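# Remarks on the overall topology
The primary structure of each chain is shown beneath.
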Amino acid sequence: MASLPSISISNPQSESQPPIATPAFRAFISRLNATVRHGFSQRRPWLELLDRSSFSRPDSLTEAATRIRRNFSYFRINYISLLALSLALSLLSHPFSLLVLLSLLGAWLFLYLFRPSDQPVVVAGRTFSDREILGILVVSTIVVVFLTSVGSLLISALLVGLGVVCTHGAFRMPEDLFLDDQEPVTSGFLSFLGGAASSAAAAASPAVATRV
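Residues numbered from 1 in each chain as written. Predicted model: local features only at pLDDT ≥ 70, side-chain atom pairs only at ≥ 80, totals over all residues. Heavy atoms only, no water.

The protein carries the name PRA1 family protein in an unreviewed UniProt entry, which gives Rehmannia glutinosa as its organism. Word for word, the UniProt comment on the protein under Sequence similarities (unreviewed entry) is "Belongs to the PRA1 family." (UniProt positions renumbered as here; feature names shortened; annotations may be inferred.)

## Topic: the nonpolar core
Buried together is how nonpolar side chains tend to be arranged in soluble globular proteins. By size, the foremost hydrophobic cluster in this structure holds 7 residues: Leu 49, Tyr 74, Phe 75, Tyr 79, Leu 83, Val 165 and Leu 177. Counting residues per element, this core draws most heavily on helix α3 (residues 61–92), at 4 residues. Excluding residues that lie within four positions of it along the chain, Tyr 79 makes contacts with Leu 49, Asn 71, Phe 72, Val 165, His 168 and Gly 169. If you look at the next biggest cluster of nonpolar residues, it comprises 6 residues, including Leu 91, Leu 101, Leu 104 and Val 150. (Core = buried A, V, L, I, M, F, W, Y, C linked by side-chain atoms within 4.5 Å. Buried < 20%, exposed > 50% of the residue type's maximum accessible area, 1.4 Å probe, protein only. Helix = DSSP H or I, 4+ residues; strand = E, 2+ residues; numbered from the N terminus. Contact = heavy atoms within 4.5 Å.)

## Comments concerning the UniProt feature "transmembrane region" (unreviewed entry) in the protein
Within this structure's numbering, the places UniProt gives as "transmembrane region" (unreviewed entry) are residues 74–92, 98–114, 134–165 and 185–209. In residues 98–114, helix accounts for 94% and strand for 0%; the two terminal C-alpha atoms are 22 Å from one another. Taken end to end, residues 134–165 is 94% helix and 0% strand, and its first and last C-alpha atoms sit 37 Å apart.

## Here's the deal with the packing of helix α4 (residues 95–113) against helix α5 (residues 130–146)
Closest axis-to-axis distance for the α4/α5 pair is 11 Å, and the angle between their directions is 165°. When the axis of α4 is compared with that of α5, the two are roughly antiparallel. The handedness of the crossing between α4 and α5 comes out as left-handed. Judged by residue contacts, Val 100, Leu 101, Leu 104, Ala 107, Trp 108, Leu 111 and Tyr 112 of α4 engage Asp 130, Ile 133, Leu 134, Leu 137, Val 138, Ser 140, Thr 141 and Val 144 from α5. Along the lines of polarity and charge, the residues of the contact of α4 with α5 split into 12 nonpolar, 2 polar and 1 charged. (Axes fitted to C-alpha atoms, helices over the stretch in contact; angles between N-to-C directions. Parallel < 35°, antiparallel > 145°, perpendicular 65-115°, else oblique. Left-handed = near helix turned anticlockwise from the far one by under 90°. Nonpolar A, V, L, I, M, F, W, Y, C, P; charged D, E, K, R; others polar.)

## Things to note about the pattern of salt bridges
Applying the stated criterion across every chain, the model contains 2 salt bridges. In this structure, Glu 63 engages Arg 67 in a salt bridge whose closest nitrogen and oxygen atoms are separated by 3.0 Å. Linking Glu 63 with Arg 67, this pair stays in helix α3, spanning 4 residues, or about one helical turn. Owing to a relative accessible area of 4%, Arg 67 belongs among the buried residues under this scheme. Between Arg 126 and Glu 132 there is a salt bridge, with the nearest N and O atoms lying 3.0 Å from each other. Glu 132 gets classed as partly exposed once you look at its relative accessible area, which sits at 31%. (Salt bridge = Lys/Arg side-chain N within 4 Å of Asp/Glu carboxyl O.)

## Here we look at the packing of aromatic side chains
Scanning all chains against the criterion turns up 4 aromatic pairs. An angle of 20° between the planes, with centres 6.3 Å apart, marks the rings of Phe 72 and Tyr 79 as stacked. For Phe 72, a relative accessible area of 27% gives the class partly exposed. Tyr 79 gets classed as buried once you look at its relative accessible area, which sits at 2%. Between Trp 108 and Tyr 112, the ring centres sit 6.3 Å apart and the planes meet at 85°, which makes this aromatic pair edge-to-face. Of this pair, Trp 108 and Tyr 112 both sit in helix α4, 4 residues apart, roughly one helical turn. For Trp 108, a relative accessible area of 22% puts it in the partly exposed group. One aromatic cluster is present, built from ring pairs that chain together Phe 72, Tyr 74, Phe 75 and Tyr 79. Its guanidinium or amino end placed over the ring of Tyr 74, Arg 44 lies 3.9 Å from that ring's centre, counting from NZ or CZ. (Phe/Tyr/Trp six-rings, centres within 6.5 Å; stacked < 30°, edge-to-face > 60°. Lys NZ or Arg CZ within 6 Å of the ring centre and 35° of its normal.)

## Topic: α5
Spanning 17 residues, α5 covers 24 Å between terminal C-alpha atoms, matching the ideal 24 Å at 1.5 Å per step. Listing the buried residues of α5 in full gives Ile 133, Leu 137 and Val 144. Around the axis of α5, the buried residues are gathered within 40° of arc, so they sit on the same side. Away from its buried face, by an angle of more than 90 degrees, α5 presents the exposed residues Arg 131 and Phe 146. Buried residues along α5 sit in contact with α4, β1 (121–123), β2 (126–128) and α6 (149–171). (Expected span 1.5 Å × (residues − 1). Arc of directions from axis to C-beta.)

Quick look at the structure:
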């Protein structure tokens, strides 16, 4: 009697998923989107930020510093948005630097943070260990940020943004701002930064833990 042909049954859940389709990456994107929406929902009206009748020259450096502190507590989301806008404009005016940063970010996300542990990185027939990948990414980040024009571009964009923010904060009179003194300084958009960082750590921790 002829033997029946064998039928191979594969479990779809056992097949490796690409990094962009992993639950950890989807959870990271979902949390990041939620924290961004929550942060921007607390921004102040831009017309209030640009009210010309509320501008005056400070009498001293102490008064200017006090104004900057109080205005930042009130307009912090708007100010950080201006810093982000300064970075975005600088990067868009230098497409090569933008491409390098996006490539570096993609390498961190898809080669280390959200890469499934059962998917090794193989280049030219050589399999790289997780420690080798981490070392290459760290060295690449140091080279890109500190040894190329990308780092100077980021620093100059941040300095321009900080100059605009400090100038506005020093000349904007905060007397008409209804600022709750009990409101913590780290609320609002700053809490978004902390929430985004914690979301990234929480989403990436299962993948990273398997590599330690």
